[in-house]
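Analysis of the macromolecular model
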Amino acid sequence: MSYLPYIVAAWLFVVGLYGIVTSRNLIHLAVCLTVTQSSTYVLLLAIGYKHRATAPIFYGVPVGSRAVDPVVQALTLTDVVVSVTVVALILALTVDIHRDAKTVDPDEIEAFRG
Amino acid sequence: MSWLLPLTVALPFTGAALGVALDHWLPEWVKQFPALVFSVATTVCAVLALAHSGSAPVHWFGGWQPKHGIAIGIAFVGEPLGAGMAALAGVLATAALLFSWHYMEEAPRLYRVLMLVFLGGMCGFALSGDLFNMFVFFEVMGVAAYALAGYHIEQLGPLQGALNFAITNSIGAYMILFGTALVYGETGALNLAQIGKTLAGHPPDALLVVAFTLILVGFLVKAAVVPFHLWLADAHAVAPAPVCVLYSGAMVELGLLGIARVYWTAFEAPFAMHAPDVRNVLLVVGIATALLGAVMAFLQRHLKRLLAYSTISHAGVMLAGVALLDHASLAGVANLVLSHGLLKGALFLAAGVLLREFHSIDELRLHGRGRELPLLGVLFGLAAFGLVGFPYVGTFLGHALIDDGGIELGHSWLPPLLMVASAVSAAAILRAGARIFLGWGPKHDPLLAPEPEEKPPEGRGSGPLMVVTVAALVTAGLVASVVPGLQDGTEHAAAHFMDRQAYVSHVLEGKPVDVLPDVPAVVHRATDASIAYGLGAAALTVLVTLFGLSGRRIPNVFEPPINVLKAAHSGIVGDYVMWLTVGTAVLGGVWILTLTRG
C-alpha cells in the first residue's frame, strides 16, 4: 500500500490553509477552501482503495469478486453535496461584498475591528 | 418510543419545506404561524424524547439493526444530555420566533425557513450516534447559521461577519471530516459505539492522536474556545438579535456536546492511561477562554458584541467543566448550559428590543435612554445577575458543581479563576445595563472600542409580546438552580453519558441500560465552598461594575496587553485562520508528545 495518497491529502489540506491565510481575493479564498476540502476526498478514497479491485457495482460480476469500499465513496459524495452549499454561500457573500465595498480583498473590508 | 428521535429532526425540516411551498397561498396574517407551530411541535417532541431518555432509545434508520454486535446502519441515540440539548434548542428557537413576530421586515419567509433548518440541524447533531452524521448535521446547522448571520445582506458588516463565520467554521468541519476518515481507516466503523468497541484495546498511536486532535479542534471552533473563538463576536455582532439567542444558547454548547460525546464514546479507552494529559490541556484552554472572554466583554460598548464575548467566557467555564472528566462536573456543565442558554437568550432579546426602540445598540449612545423602559431594565438586570452564580440563583448550580469537581480533584486553584471570569463578564453586562437603563456613569469612556453604527433594519415587531418572551426566559433561567431533583437527575445522566461499556452493549447488543433511578425531589445540596465562591463572585461583580462606571482609567501597565488583545481581534479572516492553524498545531504537538508515551 502506497503512502503517496496520504501525503497528497495532508499536503492539500495544508496548502489550502496557506492559501486562505495569505489570500488577497475572496474568490481565490473560496477556491482555497475547496482545495482544503478536496484533501478529504483524496483521504477517503485512499482509505477505501483495494489493489486490483473493481468499482463497487455488484451487477453481473461473480460473487466474491474484490471491490473497493463503497462506504467512503458515499461519504465523499455526501461531502461534495454538503460543501457545495458552503462555497455557493461564500461566493454569494463575495458578490454582495463587491457591490458594497468595491473590493474583494479581505484585508480591505473594514466593517468592524476589535 | 424510538420514533420520537427521527421525528424531532424531521419536523423542523418539513416545516421549512412547507414554509417555502405554502407561502404564496397563505394570507398575510397566517404566514407567521406555520414556523411557530413546527417549532413548538419540535420542542414537544424533544421534551418527550427527554422524558423517555432514561432507557436511551436507539433508532436505526431503515430498520438496519446491528447484526452479531456489528453496526451496519445509522443510528440516533436518545440519551438524556443529547435529548436535553435538543429540547433547549427547541425552546430557544420557539422563543426567538415568538419574539420576531413581525420583527423581520425583509424576506421574513426566508428568515423563518432558515431558523427551522438551523433548529433541525441542531437537533440532528444532538441526537446522532454516528460520527459521519455528526459532521453532516454540523454542516447543516452551520450553513443555516452562516446565512442567518449575513441576513441583512445590504450592509457590509453582516457580510463580513458571515464570511468570517462561514470560512472558519467550514475549516473546522473539514478537520472533523479528516479525523473521521482517519478513524474510519483505523476501525472500519462510523457508529460511535462500534468505534468505541474497536478502539478499546487499541494503543494510543500517533495516527489516533492526529484524528483525535482534528475532531476536537473542529468542535472547539464551534464552541468558540481560544484561539478558535475569533469568529463568534463578529457573527453575533451582525446577526439579528433573535438569531444570536440560538448561537449563544445552543450552537456553541453543541460544540462542547460533540467533544464530550466523541471523547467518552470513542477515545476514552485508548487514552485512558493519559487522561490527566487530556484534562490538563483542556483545562488550560478552558480557563484561558473564560478569562479572555471576560476581559474582552468588559472592553466592548456594542451590546451584542459584549454579550458575545460573555458567551465565549461561559463557553470556557463549560469546557473547564468537561475537562475535569468526572460525572458531577459534567452534570454541572449540563446545568450551566441550561441556565446560561435561557438567561443569555433573554439578554439578546432585550438587546433586540433596544435596537427596535432606539435604533442603536451602543452602550454610550444609549446612555440613560432606557429609563423609558423600566420593565425591560429590571429584566435585563435580573438576567445579568443570574449569570453571576449567586447562591441558588441562575447559573449557581452549574458553577457549584464544577467548582466542587475541581476541588475534589485537587485543583483548588480552579474555582477562584472561574469566579473571576464569571464576575468580570457579568459586571460588563451590568455596567452596560446601568448605563443604558439608569443613566449611571459618564457618557464617554476611552476604554471602550468605538464601533460603527448599526443600521436598524429590523421591523417594528410587537412590543408586549417581545417583553413577555424576555420575561419568560429570565424567569425560567433564574429558577433553573432550584428545580427539585435537577442535580441528581443530571448527575445520573452524566454518569450514564460517560459509561462507554454500557453505551456500547446498549447500542450494539440491545442490552437495556440501567434505568435512571427515581430521584428524590431534593433541591441542590450546596457545599460551603461553592456558596462562598458564589458570594465572592457577587461581591467582585459589584466592585468591577462600579469600577466600569466610575470612568477611572485603568493603570498604564495594562494598556499594552489590552491593545494587543484588541489588535488580535482584527476582523480579517486570514488572521483568524492563522490562529486556527497555529492552535491546531500546538494542541496536536502537545498531545503527540504526551499521549503516545508508553
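Now for a description of the structure that goes with this document. (Residues numbered from 1 in each chain as written. Chains lettered and ligands numbered in written order. Predicted model: local features only at pLDDT ≥ 70, side-chain atom pairs only at ≥ 80, totals over all residues. Heavy atoms only, no water.)

1. Topic: the overall build of chain B
The criterion, for reference: Secondary structure is summarised from DSSP: a helix means a run of H or I of at least four residues, a strand means a run of E of at least two, and numbering begins at the N terminus for each. Radius of gyration here uses only the C-alpha atoms, and the compact-globule reference equals 2.2 Å multiplied by the residue count raised to the power 0.38. Buried means the residue's accessible area, taken with a 1.4 Å probe over protein chains only, is under 20% of the maximum for its type, while exposed means over 50%, and partly exposed covers the values in between. Throughout, a residue-residue contact means that at least one pair of heavy atoms, one from each residue, lies within 4.5 Å. Only the protein chains shown count as covering a residue, and every accessible area follows the Shrake-Rupley method with a 1.4 Å probe. Only four residue types enter the charge count, namely Lys and Arg as positive and Asp and Glu as negative; His and the chain termini do not. Positions of charges follow a simple convention, taking NZ of Lys, CZ of Arg, CG of Asp or CD of Glu.
Helix and strand counts for chain B stand at 22 helices and two strands. Against the globule reference of 25 Å for 598 residues, chain B gives a C-alpha radius of gyration of 23 Å, in line with a compact fold. When the backbone C-alpha atoms are referred to their principal axes, chain B occupies close to 70 × 65 × 50 Å. Counting the 598 residues in chain B, one finds 67% classified as buried. If you take every contact in chain B between residues at least 6 apart in sequence, the share linking residues at least 24 apart comes to 84%. Surface summary for chain B: the accessible area is close to 19000 Å², and the carbon and sulfur share equals 70%. Averaging the coordinates of the 28 positive side-chain charges in chain B and doing the same for the 36 negative ones gives two points 7 Å apart.

2. What to know about the overall build of chain A
Check the secondary structure of chain A and you find three helices and zero strands. Counting helices and strands in the order they occur from the N terminus, chain A gives α-α-α. A compact globule built from 114 residues should have a C-alpha radius of gyration of about 13 Å, whereas chain A, at 19 Å, is more than 25% larger. Here chain A holds 114 residues, and 44% of them are scored as buried. Counted over contacts in chain A with a minimum sequence separation of 6, partners at least 24 positions apart contribute 56%. Side-chain charges of chain A comprise 7 positive and 8 negative groups, with the mean position of each set lying 13 Å from the other.

3. Things to note about the nonpolar core
Residue and element names in this part refer to chain B. Here is the rule: Here, nonpolar core means buried Ala, Val, Leu, Ile, Met, Phe, Trp, Tyr and Cys residues that are tied together by side-chain atoms lying within 4.5 Å of each other.
Judged by nonpolar contacts, the single largest core of 239 residues is most densely connected at F118, I167, Y247, F267 and W591. Ranked by the residues each element gives to this core, the list is headed by helix α10 (residues 241-267), at 19 residues. Residues V388, M419, A537 and A538 belong to the second largest nonpolar core, which totals five residues.

4. Considerations on the interface of chain B and chain A
Selection criterion: Joining two parts hides part of their accessible area as seen by a 1.4 Å probe, and the buried area is that hidden amount summed over both. Take a side-chain nitrogen of Lys or Arg and a carboxyl oxygen of Asp or Glu: if they are within 4 Å of each other, that pair is a salt bridge. Counted as a polar contact is a pair of N or O atoms within 3.5 Å, where, for protein atoms, one must be capable of donating a hydrogen and the other of accepting one, and residues adjacent in sequence contribute only when both atoms are in side chains.
At the junction of the two partners, chain B supplies 48 residues and chain A supplies 42 residues. Broken down residue by residue, the surface that chain B buries against chain A is led by Y174(B), F178(B) and Y184(B), which jointly contribute 17%. There are zero salt bridges connecting chain B and chain A. Our enumeration of links across chain B and chain A arrives at three residue pairs in polar contact (both at pLDDT 80 or more). Within the residue set of the side of chain B that touches chain A, elements represented by two or more residues are α5 (131-149), α6 (156-187), α9 (230-238), α12 (303-323) and α22 (573-595) of chain B.

5. A few points about the packing of aromatic side chains
Residue and element names in this part refer to chain B. Definition in use: Stacked, tilted and edge-to-face are the three classes assigned to paired rings of Phe, Tyr and Trp, where Trp is represented by its six-membered ring and a pair needs centres within 6.5 Å; plane angles under 30 degrees give stacked, over 60 edge-to-face, the rest tilted. For a Lys NZ or an Arg CZ to count as sitting over a ring, it must be within 6 Å of the ring centre and within 35 degrees of the ring normal.
If you walk through the whole model with that rule in mind, you get 22 aromatic pairs over all chains. Here the aromatic rings of F125 and F138 are separated by 6.1 Å at their centres, their planes lie at 50°, and the arrangement is tilted. Remark: F138 occurs in helix α5 and F125 occurs in helix α4 (residues 108-127); sequence separation between them is 13 residues. In this pair, the class of F125 matches that of F138, namely buried. Ring plane angle 45° and centroid distance 6.2 Å describe the contact between F212 and Y263, whose orientation is recorded as tilted. Residue F212 is located in helix α8 (residues 206-222), and its partner Y263 is located in helix α10; the two are separated by 51 residues in the primary sequence. Residue F212 is classed as buried on the basis of its relative accessible area of 1%. Members of the aromatic cluster, connected to one another through ring pairs, are F212, Y263, W264, F267, F271, F497 and W591. Note that R431 overlies the ring of F298, its terminal NZ or CZ placed 5.0 Å from the centroid.

6. Observations regarding the packing of helix α15 (residues 396-408) of chain B against helix α20 (residues 528-550) of chain B
All names here are of chain B. How we decide: Throughout, an axis means a line fitted to C-alpha atoms (over the contacting stretch in the case of helices), and angles, computed between N-to-C directions, take values from 0 to 180 degrees. Any angle that falls under 35 degrees is termed roughly parallel, while one over 145 is termed roughly antiparallel, one within 65 to 115 roughly perpendicular, and all others oblique. Each crossing is labelled by how the near helix is turned from the far one, with a counterclockwise turn of less than a right angle marking it left-handed and a clockwise turn marking it right-handed.
In contact at an axis separation of 9 Å, α15 and α20 are set at 125° when each is read in the N-to-C sense. Between α15 and α20, the angle falls in the class oblique. In this structure, the crossing between α15 and α20 has a hand that is right-handed. On the side of α15, the interface is formed by F396, A400, D403, D404 and I407, while α20 contributes A529, S530, I531 and Y533.

7. Things to note about the side chain of T265(B)
Residue and element names in this part refer to chain B. Summarising the element assignment, T265 is placed in helix α10. A residue is classified by how much of its surface remains accessible, and T265, at 5% relative accessible area, is buried. Ignoring any residue separated from it by four or fewer positions in sequence, one finds T265 in contact with L192, G196, R500 and Y503.

8. Some words on unusual backbone geometry
Look at the link from V226(B) to P227(B): it is a cis peptide, with omega at 0°. Summarising the element assignment, P227(B) is placed in the loop between α8 and α9. Despite not being glycine, K102(A) shows a phi value in the positive range, around 55°. Relative to the helices and strands, K102(A) is located in the segment after α3 (70-101). Although it is not a glycine, A56(B) sits at a positive phi angle of roughly 45°. With respect to the element layout, A56(B) can be found in the loop between α2 (33-51) and β1 (58-60). The buried category is assigned to A56(B), whose relative accessible area is 8%.

9. Re the environment of G185(B)
All names here are of chain B. Of note, G185 is situated in helix α6. A relative accessible area of 44% places G185 in the partly exposed class. As a C-alpha pair, G185 and V522 span 337 residues in sequence and 48 Å in three-dimensional space.

10. Points about the pattern of salt bridges
According to the stated counting rule, one finds 13 salt bridges over all chains in the structure shown. Between E79(B) and R261(B) there is a salt bridge, with its nearest N and O atoms 2.2 Å apart. Here E79(B), found in the loop between β2 (75-77) and α3 (80-99), pairs with R261(B), found in helix α10; they are 182 residues apart in sequence, far enough to count as distant. On the basis of relative accessible area, R261(B) is assigned to the buried category, the value being 4%. As a salt-bridge pair, R305(B) and D234(B) come within 3.4 Å of each other at their nearest N and O atoms. Here the residue R305(B) occupies a position in helix α12, and D234(B) occupies one in helix α9, the gap between them amounting to 71 residues. What makes D234(B) buried here is its relative accessible area of 0%. Three or more residues are tied together by salt bridges with common partners; here these are R24(A), D105(A) and D107(A).

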